[in-house]
Amino acid sequence: MKYSPETPQDSAKYAVGRAAVERYAHDGARLGLGSGTTSAWMVRALGEKVAEGLQVVGVPTSTSTRDLALSLDIPLVDINDLDRPLDVTLDGPDEIDHDGDMIKGGGACLLWERMVAEASTKMVCIADDTKLVDHLGRFPLPIEVVQYGWQATRRSVSALLADLGYDVEIIRRVRDGEPVVTDSGNFILDAHMGVITDKATLDTNLNWIAGVVEHGLFTGIAHEVLMASPSGESRLIELPHRNAARIPEWRK
Ligand code: 5RP
């Protein structure tokens, strides 16, 4: 089935998906495949290249990306079977700021997205230009929590955020009247932050809370940003090396 973009934002997502494949999907490339609608355009563009004979392998960041990739005959490997890092992960943000820090997880795939990015030499954020913000936080911050005791975890998150000076509503994500359950069987809490003022402190502190599996504040993860406008123009932003909350030495 042939898909085509239907809105200006979708045209930008389409353009950046295709630009990413042109730039990074060379013969022999080992790719992390992001999730969400931008990544879906990228995966479809990759599928076209694979049908023309391009040799790549991918590691999907969600079951939906896995299913899409399989439907397009893109060869996949299990993240468990990687003997060396992937060359690059291509994935979209919900918001990205001028430091290249992101909020991710609007599609509830943040855990696998972060794991695949971490299993890659490079992470490239592919974004339409509506995603660029001066301050992260208008998009609710997704926090993945285990189902057991999730209300207790929510109270702990709430207490931490109050301690850090945020007055925040935290809502368990629901779709069609049912709690959203991630590909790893967890719930998502959405924290309506407003403006995130200290990204590094929030990033590290959230992870200290028992019951929190991961969160969608991706600081210092992206190495480059490929951004497109609805007219189809794309530009590459290389991010300077810097210290971020959770970048281990071996990833720098
Ligand atoms: C899923 C994600 C997505 O990458 C993010 O929500 C962006 O989605 P889209 O490309 O549809 O705007 O983090 O968990």
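Residues numbered from 1 in each chain as written. Predicted model: local features only at pLDDT ≥ 70, side-chain atom pairs only at ≥ 80, totals over all residues. Heavy atoms only, no water.

As annotated in an unreviewed UniProt entry, the chain is Ribose-5-phosphate isomerase A from Pseudonocardia charpentierae. In its Catalytic activity (unreviewed entry) section, UniProt records this for the chain: "aldehydo-D-ribose 5-phosphate = D-ribulose 5-phosphate". (UniProt positions renumbered as here; feature names shortened; annotations may be inferred.)

**Q** I tried to follow the pattern of salt bridges on my own but got confused; where do I start?
**A** Close approach of charged atoms allows side chains of opposite charge to pair. Enumeration over the complete set of coordinates arrives at 14 salt bridges. The closest approach of N and O atoms between glutamate 224 and lysine 122, which form a salt bridge, is 2.7 Å. Placement of the pair is glutamate 224 in strand E14 (residues 224–228) and lysine 122 in strand E6 (residues 120–128), with a sequence separation of 102 residues. The exposure class of glutamate 224 is buried, given its relative accessible area of 9%. You can call lysine 122 partly exposed: its relative accessible area is 26%. Across the pair aspartate 190 and arginine 173 runs a salt bridge whose closest N-O atoms are separated by 2.9 Å. Note that aspartate 190 is positioned in strand E11 (residues 187–192) and arginine 173 in the loop between strand E8 (169–172) and strand E9 (174–175), a separation of 17 residues in sequence. By the burial criterion, aspartate 190 is buried, and arginine 173 matches it. Within this structure, Asp97, Asp99, Asp101 and Lys199 form a network of salt bridges that share partners. (Salt bridge = Lys/Arg side-chain N within 4 Å of Asp/Glu carboxyl O. Helix = DSSP H or I, 4+ residues; strand = E, 2+ residues; numbered from the N terminus. Buried < 20%, exposed > 50% of the residue type's maximum accessible area, 1.4 Å probe, protein only.)

**Q** I keep staring at the UniProt feature "active site" (unreviewed entry) in the chain and nothing clicks. Help me out?
**A** Summarizing the sequence annotation, UniProt attributes the feature "active site" (unreviewed entry) to Glu113 in the numbering used throughout. The topology assignment puts glutamate 113 in helix H4 (residues 110–118). Given a relative accessible area of 4%, glutamate 113 falls into the buried group. Separated by 3.2 Å, the side chains of glutamate 113 and lysine 104 make a polar contact. (Polar contact = N/O pair within 3.5 Å; in protein donor to acceptor, adjacent residues only side chain to side chain.)

**Q** When you look at unusual backbone geometry in this model, what are you seeing that I'm missing?
**A** Backbone geometry follows two general trends: most residues other than glycine have a negative phi, and most peptide bonds adopt the trans configuration. One non-glycine residue, aspartate 73, lies in the positive phi region at around 60°. Tracing the sequence through the fold places aspartate 73 in the loop between helix H3 (63–71) and strand E3 (86–91). Non-glycine residue alanine 108 carries a positive phi angle of around 70°. Along the chain, alanine 108 turns up in the loop between strand E5 (102–103) and H4. Classification of alanine 108 by relative accessible area gives buried; the value is 9%.

**Q** I tried to follow the layout of surface pockets on my own but got confused; where do I start?
**A** A probe matching the size of a water molecule, rolled over the atoms, marks out where space remains unfilled. In this structure, the largest pocket spans a volume of roughly 390 Å³. Around the largest pocket sit 25 residues that line it, and Gly36, Gly106, Gly107, Ala108 and Cys109 are the ones nearest its centre. When contributions to the lining of the largest pocket are tallied by element, the ones reaching two or more residues are helix H2 (37–51) and H3. Across the lining of the largest pocket, the residue classes break down as five nonpolar, 12 polar and eight charged. Shared between two domains, the lining of the largest pocket holds at least three residues of each, these being domain 1 (8–133 + 220–251) and domain 2 (141–215). (1 Å grid on protein atoms, 1.4 Å probe; cavity = no way out; pocket = protein on both sides within 12 Å on 5 of 7 lines; lining within 4 Å. Points joined across faces, edges and corners; volume = space filled by probe spheres on them. Nonpolar A, V, L, I, M, F, W, Y, C, P; charged D, E, K, R; others polar. Domains from an automatic or database assignment.)

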